Amino acid sequence: MIDKTQQTPEQNPRADGIAARLRAFDVLDLVLEQGKTLEEAFDAAQRGKTGKQGPHSDRDSAHARMMVLTVLRRLGQIDALLNRFLTRKPSGKGRAALTLLRLGAGQILFMETPPHAAGSTALAVADKRNLAGFKGLVNAVLRKVAAAAQSVQTQDAARLNMPDWLWKACADAYGKPVARELGVAHLVEAPLDLTVKGDDASAWVEKLGGALLPTGSVRLWNAGDVRKLPGYRDGAWWVQDAAAALPVKLLIGAMDNPGSGHVGDLCAAPGGKTAQLAAAGYTVTSVDNSAPRLDRLRENLERLSLKAKVVQADALSWKPDELLDGLLLDAPCSATGTVRRHPDLPWRKGGWDRDKLTALQKSLLLHSVQLVKPGAPLVYATCSLLPEEGEEVVEAAMAEDPTLVLDPVGADELTYLPEASREGGLVRTLPSFWQQRSGNRRGGMDGFFIARFRRGV
Ligand SMILES: C[S@@+](CC[C@H](N)C(=O)[O-])C[C@H]1O[C@@H](n2cnc3c(N)ncnc32)[C@H](O)[C@@H]1O
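The rules behind the values
- The residue count restarts for each chain, going from 1 along the sequence in the order it is written.
- Per-residue local features are limited, in this predicted model, to residues with pLDDT of at least 70; the limit for side-chain atom pairs, both in listing and counting, is 80 or more; totals at the level of whole chains, interfaces and linings are taken over all residues.
- Computation of side-chain values: all heavy atoms of the structure, hydrogens and water removed.
- Strand pairing is assigned whenever DSSP identifies at least 2 bridges connecting the two strands.
- Secondary structure follows DSSP: runs of H or I at least 4 residues long count as helices, runs of E at least 2 residues long count as strands, and numbering of each begins at the N terminus.
- UniProt positions are given in the numbering used here, feature names are shortened, and annotations may be inferred rather than shown by experiment.
- Two residues form a contact once any of their heavy atoms are found within 4.5 Å.
- With a 1.4 Å probe rolled over the protein chains alone, any residue whose accessible area is under 20% of its type maximum counts as buried; one over 50% counts as exposed, and the rest are partly exposed.
- Residues are counted as near a molecule or strand when any one of their heavy atoms sits within 4 Å of it.
- Definition of a polar contact: a pair of N or O atoms within 3.5 Å, with one able to donate and the other able to accept a hydrogen when the atoms are protein atoms, and with sequence-neighbouring residues admitted only if both atoms are side-chain atoms.
- For the accessible areas, the method is Shrake-Rupley and the probe is 1.4 Å, while residue cover comes only from the protein chains on display.
- Here, a salt bridge means any side-chain nitrogen of Lys or Arg that lies within 4 Å of a carboxyl oxygen of Asp or Glu.
- Working definition: a ring pair exists when centres of Phe, Tyr or Trp rings (six-membered ring for Trp) sit within 6.5 Å. Plane angles under 30 degrees give stacked, over 60 give edge-to-face, the rest tilted.
- Consider the ring centre and the ring normal. A charge sits over the ring if Lys NZ or Arg CZ is within 6 Å of that centre and within 35 degrees of that normal.
- A 1.4 Å probe that fits but cannot get out identifies a cavity on a 1 Å grid over protein atoms alone, an open set with protein on both sides within 12 Å along at least five of seven lines counts as a pocket, and a residue lines either if it has an atom within 4 Å of a point.
- Grid points are joined across faces, edges and corners, and a volume is the space filled by probe spheres set on the points.
- Ten residues, namely Ala, Val, Leu, Ile, Met, Phe, Trp, Tyr, Cys and Pro, are considered nonpolar, four, namely Asp, Glu, Lys and Arg, are considered charged, and the remaining ones, Gly among them, are considered polar.
- By nonpolar core we mean a set of buried residues, namely Ala, Val, Leu, Ile, Met, Phe, Trp, Tyr and Cys, connected to one another through side-chain atoms within 4.5 Å.

Let's shift gears to the sheet that holds strand 3 (residues 218–220). Taken in spatial order, the four strands make up an open sheet running 2-3-1-4, and their pairing is antiparallel. Either end of the sheet is taken by a strand with one partner, and the two such strands are strand 2 (211–212) and strand 4 (237–239). Inspection of the sheet shows strand 1 (residues 192–196) paired to strand 3 by three bridges, in the antiparallel sense. Pairing of Leu 192 across the sheet is with Leu 220, part of strand 3.

Structure below.
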């Protein structure tokens, strides 16, 4: 039998954390160079779909995840420092070497990894990933990074870690001081918020050791694996950011007969909002065009013992048999309000087609209003920070269809979150809200845009 402790890291990739580095390298490459989402990339690495790695221990996976998240959250700072030491813009295979440098620098600068450990593991990864020709460069640059590590203290972290396009969009929309607050919020991992199925949220606060938020959600810090928490298997609650729970609250607030009637949930998967509506007593039809995401919705409903009619269809053409009593449209969007949870998003190669997405959002909103009874409420929501996916969509759709009548959300409906009230009764939450350093509300929330309408005649 081989004694693995006697092997060198080259022989045994698990030794000295090399397996975790290999995985982190592959995931970063998939995200930054191949345009995969973080979850797709981890999934591919977990299953060995990269063709390079097989399954790993939980410890390696957790370590790899921590390294990847750190590199993505701090990418602007890391690159600013690396740029001082790189004479040429990397291209071709040099892009993979850059990924390796980013991984090494992230550990040295932000994870307190001893430089020699970050350096030697980077060289081992270079060997395994056919980058041996770059070992001299990687070694030399990581040494310089270690020598200059103190300089990160004086870097403008909030600005540098937001790519220019996102900084500009946020600064234009909210002003530079708020854009800076958003940049700060994006550096920290989001807490875990839960929506409790029944009306005993306080009891779950006790059981789980969390805090009750003013919005009614339960907030946990350092929760670990959700599937291992009390109440998960029994379906007592589901994971839903405090801000993501607001659109349904505001829809229910406008329903003629709260708790009864047929409500549509368009773009419903994986079903957080469907669960809220079903738990509140409505007959729900949930529509989404993604079969895998609808599978997750069904699994979630089953765990929660909640019911909804689930329809796989293009929401642009779907029609109910009879007009609905209310409708929620949680439109597909850039998800820029969720960067705390998805730090890959601003940097992912390729990004998304902004014009196509905003055109789809407008078309979905114009279609949605035709699906509800005259006078019935309709809520449009996106988890985006960009006005082009919020205020501008609403304005353009209203200009086209006079039956789309804004139903302003009153300040009295948002007493628990007054900072979210916007001019004209629109609602906007920002990750920079609830950024206190201590206390029950610390930890921010997702950025959401919400507009409520009634169908006019
Ligand atoms: C923001 S997510 C929805 C999140 C969900 N409402 C929740 O709370 O769990 C947007 C969803 O829109 C779906 N989608 C995108 N384009 C669609 C279309 N044309 N028709 C139906 N669903 C669509 C996506 O599959 C995705 O599940």
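Now, onward.
Turning our eyes to something else, we now look at the UniProt feature "active site" (unreviewed entry) in the chain. Residues annotated in UniProt with the feature "active site" (unreviewed entry) correspond here to Cys 383. One can find Cys 383 in the loop between strand 9 (377–382) and helix 16 (391–400). Other than its neighbours up to four places away in sequence, Cys 383 contacts Cys 333, Ala 335, Thr 336, Gly 337, Thr 338, Gly 447 and Phe 448.

This brings us to the pairing of strand 6 (residues 283–288). Summarising burial for strand 6: five of the six residues are buried, a large majority. Where strand 5 (residues 262–266) and strand 6 come together, five bridges link them in parallel fashion. Counted as the bridge partner of Asp 265 is Ser 286 from strand 6. Relative to strand 7 (residues 309–312), strand 6 runs parallel, the two being bridged by four bridges.

Now for the site of the ligand. If you check the shell around the ligand, you find 17 residues, and the closest are Lys 273, Asp 288, Arg 293, Ala 315 and Asp 330. Within the backbone of Gly 271, an N or O atom sits 3.0 Å from an oxygen atom of the ligand. Here an oxygen atom of the ligand and a side-chain polar atom of Lys 273 are 2.8 Å apart. Contact with the protein chains covers 86% of the free accessible surface of the ligand, which is 610 Å².

Right, let's talk about the pattern of salt bridges for a bit. Enumeration over the complete set of coordinates arrives at 25 salt bridges. Ionic pairing is found between Arg 159 and Asp 164, a salt bridge with its closest N-O pair at 2.6 Å. Residue class for Asp 164 comes out exposed when judged on its relative accessible area of 56%. Measuring nitrogen to oxygen at the nearest pair gives 3.3 Å for the salt bridge that ties Arg 348 to Asp 344.

Right, let's talk about helix 9 (residues 164–174) for a bit. Among all positions in helix 9, only Leu 166, Trp 167, Ala 169, Cys 170, Ala 171 and Tyr 174 are buried. Looking at the packing, one finds that the buried side of helix 9 touches helix 8 (157–160), helix 10 (176–185), strand 11 (421–422) and strand 12 (426–429). Remark: Gly 175 follows helix 9 within two positions and exhibits a positive phi of approximately 90°.

Another point: the packing of aromatic side chains. Under the criterion given, the structure shown has two aromatic pairs. Summarising the aromatic geometry, the rings of Tyr 232 and Trp 237 are spaced 5.9 Å apart at their centres and angled 55° between planes, so their arrangement reads as tilted. Ring geometry for Tyr 380 and Phe 449: centres 6.3 Å apart, planes at 65°, overall edge-to-face. Of the two residues, Tyr 380 is situated in strand 9 and Phe 449 in strand 13 (residues 448–455); the sequence distance between them amounts to 69 residues. When its relative accessible area of 1% is taken as the criterion, Phe 449 is described as buried. Geometry around Trp 204 places Lys 207 over its ring, the cationic atom sitting 4.0 Å from the centre. The residue whose ring lies beneath Arg 303 is Tyr 232, and the NZ or CZ to ring-centre distance is 4.1 Å.

Overall, the coordinates contain one cavity of 30 Å³ or more when judged by the stated rule. For the largest cavity, the calculated volume is near 80 Å³. In terms of lining residues, the largest cavity is bounded by Leu 72, Arg 73, Asn 161, Met 162, Pro 163, Leu 166, His 186, Val 339, Pro 343, Pro 346 and Trp 347. Considered class by class, the residues forming the lining of the largest cavity number eight nonpolar, two polar and one charged.

Turning our eyes to something else, we now look at the nonpolar core. Cys 170 and Ile 450 are the most contacted members of the largest nonpolar core, which has 52 residues in total. Sorting the residues of this core by element identifies helix 9, helix 10, helix 12 (246–252), helix 13 (272–279), helix 14 (291–304), strand 9 and strand 13 as the ones contributing at least two each. Look past the residues within four positions of Ile 450 in its chain and what remains in contact with it is Leu 246, Pro 247, Leu 250, Val 379, Tyr 380, Ala 381, Leu 426 and Val 427. Membership of the second largest hydrophobic core comes to 47 residues, among which are Met 67, Leu 75, Leu 81 and Val 125.

Moving on to the side chain of Glu 33. For Glu 33, the location among the structural elements is in the loop between helix 1 (18–32) and helix 2 (38–46). Its relative accessible area of 17% is what places Glu 33 among the buried residues. Among the polar contacts made by the side chain of Glu 33, one reaches the side chain of Arg 95 at a distance of 3.0 Å. Those residues in contact with Glu 33 that lie beyond four places of it in its chain are Leu 28, Arg 95, Thr 99, Arg 102 and Lys 349.

The linkage connecting Ala 269 with the following residue, Pro 270, adopts the cis geometry, with an omega of 10°. Positive phi, close to 55°, is recorded for Glu 112, a residue that is not glycine. Within the secondary structure, Glu 112 sits in the loop between helix 5 (94–110) and helix 6 (115–128). In this structure, Asn 130 is a non-glycine residue whose phi angle is positive, near 60°. Secondary-structure assignment places Asn 130 in the loop between helix 6 and helix 7 (135–147). The exposure class of Asn 130 is exposed, given its relative accessible area of 56%.

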